[in-house]
Amino acid sequence: MNGKKYSVVIAGGGSTFTPGFVLDLIKSQDKFPMRQLKFYDNDEERQRKIGEAVKIIMKERAPQIKFSYTTDPKEAFTDVDFVMGSIRVGKYHMRSLDEKIPLKYGVNGQETTGPGGMAYGLRSIPAIIQIIDWMQEYSPNAWMINYSNTIAIVAEACRRLRPNAKVINICDMPIDDMDRMAAICGLDSWHDIDFNYYGLNHFGWWKEVRNKKTGEDLMPKLKEYVKDHGYWVGGDYDKDTEPSWEATFRKVADDYKMDPETLPNNYMQYYYFPQYEVANADPKHTRTDEIREHRQKIVFGECERIVKAGTAKNNIWDISGLHSEYIVDIIHAIAYNTHEKFLANCPNNGAISNMDPDSIVEVPALFGADGIQPMATGKAGRFQRGLMMEQQTCEKLVVDAYEQHSYQKMLQAFALNKTVPDASVAKKILDDMIPVNAPYWPELK
Ligand code: NAD
Ligand code: G6P
Ligand code: MN
């Protein structure tokens, strides 16, 4: 501890993840003491619903922390130590289109993979760059921990456009997978796992998984389990897991068979089995519709209930979630210079020995007051390297399209992607996406 009390702003205060994160921050006051918490969003009404409920939570549980929410960037980004990036540009309306437009043409329709993921990435770039600029202007010493997707594309944009900014792009998916690995091996949580992992965001493989305390190699046990069940744990562990996530974790059994030497990130299913994904999708009812019927309803319903009741006793976020717990761990590591190991999306610079230095990769890194120190993970397998070269080229082409306002580059990005079978299909999807993305994308010429 250094005696300091921290000030944090959540950009995307209206996010469905915000209340859970706030509760985890409150629970961590002995570990990460705060003096101020602010929300920033560009949707006043959406943020107010969450903000009013959080006001009550803060008053009851952490009155020592000053809380406010605003749509004014200067107010939001002044006097902060950490900026949490949790925005969804275009909100669920645009996510729905990212999913449904490709499906119209028999192509994978998913939030962060395939054409939908690239469309989302292109929307996020200008908004994230703007937030970085505000942070640098109003709180030049602050760190931004960004998890606004599409992370791989956002990280490539940061590398090119704001190379010296104090931004770390992270993802919670490997944590979720590792927590499952821990459960499969009878350990308490992902904190008990040591690992070597390499890849791109939502596109990677574990080379090594060990019991952190004993050093035991857990790969043999895990492979035996994963080949039949994927990362599905079941029972009490999965009592709140939604059916579509169950299908995802079970599908890992098939992903694993593509390379039995490593264990895959669950997102590999979209690249290995795009036809299966399309065959199992309902183009009229995608993940966005599930979230509208489930998470969004629950989160906003609970906020309304708290505001009406005037108390946050027994709220649904009293049980902490992996996502927010992980983010608290990360800001703690930076604040107290612990050099703990987490995964980061950053320029390769040799971390994967046979990938280009300027590739954005997802690799283990030590997190401390100086930001991240990526670790050397060794050499990517031939199969993995081939897949990564293709995927990261798509990600780079999207940033080219942004910088050059280039239709051609965006078309190439779609056509090259493993989820798209044919350049003429790529063109149809892109041409449908351009008008609906007009408020967010640069004009592609
Ligand atoms: P959400 O739509 O519930 O919330 C996002 C909020 O961002 C909304 O309130 C919206 O008004 C706001 N917003 C949009 N554009 C903005 C802008 N330019 N400036 C300020 N605010 C803006 O979304 P969600 O489902 O809670 O997800 C939030 C983000 O977190 C998404 O980008 C999602 O992809 C990401 N996410 C990432 C990970 C990860 O592992 N990297 C995990 C979970 C969620
Ligand atoms: C994981 C990924 C995130 C992604 C989210 C989607 O947490 O790491 O990057 O945004 O899943 O989950 P959802 O429940 O919104 O479909
Ligand atoms: Mn992610």
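Scoring rules and cut-offs
- Residues numbered from 1 in each chain as written.
- Chains lettered and ligands numbered in written order.
- Predicted model: local features only at pLDDT ≥ 70, side-chain atom pairs only at ≥ 80, totals over all residues.
- Heavy atoms only, no water.
- Salt bridge = Lys/Arg side-chain N within 4 Å of Asp/Glu carboxyl O.
- Helix = DSSP H or I, 4+ residues; strand = E, 2+ residues; numbered from the N terminus.
- Buried < 20%, exposed > 50% of the residue type's maximum accessible area, 1.4 Å probe, protein only.
- Donors = N, O, S within 2.8 Å, 3.2 Å for Na, K, Ca; no water.
- Pairing = 2+ DSSP bridges.
- Right-handed = clockwise from strand over helix to strand, strands pointing away.
- Phe/Tyr/Trp six-rings, centres within 6.5 Å; stacked < 30°, edge-to-face > 60°.
- UniProt positions renumbered as here; feature names shortened; annotations may be inferred.
- Contact = heavy atoms within 4.5 Å.

A short note on the pattern of salt bridges
Tallied over the entire structure, the rule returns 37 salt bridges. The residue Arg95 makes a salt bridge to Glu111 at a minimum N-O spacing of 3.6 Å. Here Arg95 is found in helix H4 (residues 91–104), whereas its partner Glu111 is found in the loop between H4 and helix H5 (114–138), with 16 residues between them in sequence. Considered together, Arg95 and Glu111 belong to a single accessibility category, that of buried residues.

So, the coordination of the manganese ion (ligand 3)
Within the protein, the atoms that donate to the manganese ion (ligand 3) are Cys171 (SG) and His202 (NE2), at distances of 2.2 to 2.4 Å. Taken together, the residues Cys171 in the loop between strand E6 (167–169) and helix H7 (173–184) and His202 in the loop between strand E7 (193–200) and strand E8 (203–211) connect sequence positions 31 residues apart. By the burial criterion, Cys171 is buried, and His202 matches it.

Regarding the pairing of strand E2 (residues 34–40)
Burial within E2 is extensive, with 6 of its 7 residues counted as buried. Bridge count between strand E1 (residues 6–11) and E2: 6 bridges; the pairing is parallel. Counterpart to Tyr6 in the pairing with E2 is Met34. In this view, the connection linking E1 to its parallel neighbour E2 by way of helix H1 (residues 18–27) has right-handed handedness. In this fold, the crossover linking E2 to strand E3 (residues 66–70) by way of helix H2 (residues 44–61) has right-handed handedness.

A few points about the packing of aromatic side chains
All told, the structure shown has 22 aromatic pairs when counted by the stated rule. Seen in terms of ring centroids, Tyr272 and Phe273 are 6.1 Å apart; in terms of plane orientation they differ by 85 degrees. Their pairing is edge-to-face. Residue class for Tyr272 comes out buried when judged on its relative accessible area of 13%. A ring pair is formed by Tyr326 and Phe342, whose centres lie 5.8 Å apart and whose planes are at 70 degrees; its orientation type is edge-to-face. Of this pair, Tyr326 sits in helix H14 (residues 322–335) while Phe342 sits in strand E10 (residues 340–347), and the two are 16 residues apart along the sequence. The pair formed by Tyr326 and Phe342 is uniform in burial state, with each residue classed as buried.

Looking at the UniProt feature "binding site: substrate" (unreviewed entry) in the protein
As recorded in UniProt, the feature "binding site: substrate" (unreviewed entry) lies at Arg95, Asn149 and Arg287. Note that Asn149 resides in the loop between strand E5 (143–146) and helix H6 (151–161). Residues within four places of Asn149 in sequence aside, it is in contact with Glu111, Thr112, Tyr120, Ser124, Val154, Asn201 and His202. Position of Arg287 relative to the elements: it lies in helix H12 (residues 287–293).

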